[in-house]
Amino acid sequence: MPEWLQTTINYLIRIGISLAILFIARYLAKLMYKIIITTAEKSGRVTLQYRKSLMTILNIAMYTLGGFIIISVIFTNLSAFLAGLGISGIIVAFAVQEPLGNLICGFLIMLNHLVVDGEAVEINGISGSVEEINVNHVVIRTWDGRRVHLPSREVWSSKIIHYWPTTIRRNEVKVGVSYSSDLNKVINIIDEAVRSAELVHIDDDHQPMILFDGYADSSINFIVRFWAKQENFLASSMDVAKSIKQKFEENKVEIPFNQLDLHIKEVPTEITQNKEKI
């Protein structure tokens, strides 16, 4: 058999083995993912918040292992390959600096549980719900329906605001009353209105507060702070506002509109003379 033909057959066999290794690596990644998910669901105590990211991590691990095996299969003499790899490695390092940084930060985000799927957050001025967490980026679904991909490095280095660190969050409404109102009576009425609202959450650690907000042009203003569960947060503002309005009407407390008092120091004689003619 000619030498070139034997060499070609050898390389074809190696390529075939390499493809088989890739398929095995993919199968092992899926198998490990299924085992981990099944174990977590059966235990009932483990919550997997990074399902998609777990699959990505397993794929990277298996393909990396498979890659090393393929290199050893294709290159029987690794000395020349490693020499070339050392020179090209410097160039590749600069090319993958940004993706590699995102990859490392993605792992750190998952290990430290900075954000989780479905959580309401604000990252670098972008607020919304966390839709997906990958090793290289975090997907945010904004409140107006936009889909924003944030690089993991940006998420790791940015200030993160968690809107729902617990199931209960504070809300507030502002209300103004007339200067002629009895403030002690007003405060009691507001407190009663807030406590009677259906969507307000009250317990020993979460009590409503009524704070003075200032003397405005036509009213004395108050900030009414209260607590609501996550599912009632948006509707609770309207619920409290309606309850306060109803209690004010029942107790004849005035919610004033903007008024402007005009004081005329001197009236020109031409105006008064024209008025007498009329």
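Residues numbered from 1 in each chain as written. Predicted model: local features only at pLDDT ≥ 70, side-chain atom pairs only at ≥ 80, totals over all residues. Heavy atoms only, no water.

Some thoughts on the UniProt feature "transmembrane region" (unreviewed entry) in the protein
Cross-referencing UniProt, the feature "transmembrane region" (unreviewed entry) maps to residues 12-33 and 54-75 in the present numbering. The span residues 12-33 is 100% helix and 0% strand, and its two end C-alpha atoms sit 32 Å from each other. (UniProt positions renumbered as here; feature names shortened; annotations may be inferred. Helix = DSSP H or I, 4+ residues; strand = E, 2+ residues; numbered from the N terminus.)

Quick word on the side chain of serine 181
Tracing the sequence through the fold places serine 181 in the loop between strand 6 (168-177) and helix 6 (183-196). Residue class for serine 181 comes out buried when judged on its relative accessible area of 17%. Look past the residues within four positions of serine 181 in its chain and what remains in contact with it is Val186, Val253 and Glu254. (Buried < 20%, exposed > 50% of the residue type's maximum accessible area, 1.4 Å probe, protein only. Contact = heavy atoms within 4.5 Å.)

Considerations on the sheet that holds strand 6
The antiparallel open sheet is built from three strands, whose spatial order is 6-8-7. Among the strands making up the open sheet, the edge pair consists of strand 6 and strand 7 (209-215). Recorded for the sheet is a direction-independent mean angle of 25 degrees between the axes of neighbouring strands. Inspection of the sheet shows strand 6 paired to strand 8 (residues 220-229) by ten bridges, in the antiparallel sense. Counterpart to valine 177 in the pairing with strand 8 is isoleucine 220. Taken strand by strand, helix 6 contacts strand 6, strand 7 and strand 8, and its axis lies near 20 degrees from that of strand 8. In the packing of helix 7 (residues 233-250) onto the sheet, contacts are made with strand 6 and strand 8, and the angle to strand 6 comes to roughly 30 degrees. (Pairing = 2+ DSSP bridges. Axes fitted to C-alpha atoms, helices over the stretch in contact; angles between N-to-C directions.)

Observations regarding the pairing of strand 3 (residues 137-142)
With five of its six residues buried, strand 3 lies for the most part within the structure. Taking the residues between adjacent antiparallel strands as the criterion, strand 2 (residues 126-133) and strand 3 are bridged by three residues. When strand 3 meets strand 4 (residues 147-151), the two strands line up antiparallel, connected through five bridges. Opposite isoleucine 140, over in strand 4, you have valine 148 as the bridge partner. The hairpin formed by strand 3 and strand 4 contains four residues between the paired strands, and glycine 145 there has a positive phi angle of roughly 95 degrees.

Considering the sheet that holds strand 4
Strand order in the open sheet made by the five strands is 4-3-2-1-5, with antiparallel pairing throughout. Strands at the two margins of the open sheet, each flanked by one partner only, are strand 4 and strand 5 (160-162). Pairs of neighbouring strands in the sheet enclose a mean axial angle of 40 degrees, with direction left out of account. By the bridge criterion, four bridges tie strand 1 (residues 120-123) to strand 2 in an arrangement that is antiparallel. Bridge assignment links isoleucine 123 to a residue of strand 2, and that residue is isoleucine 126.

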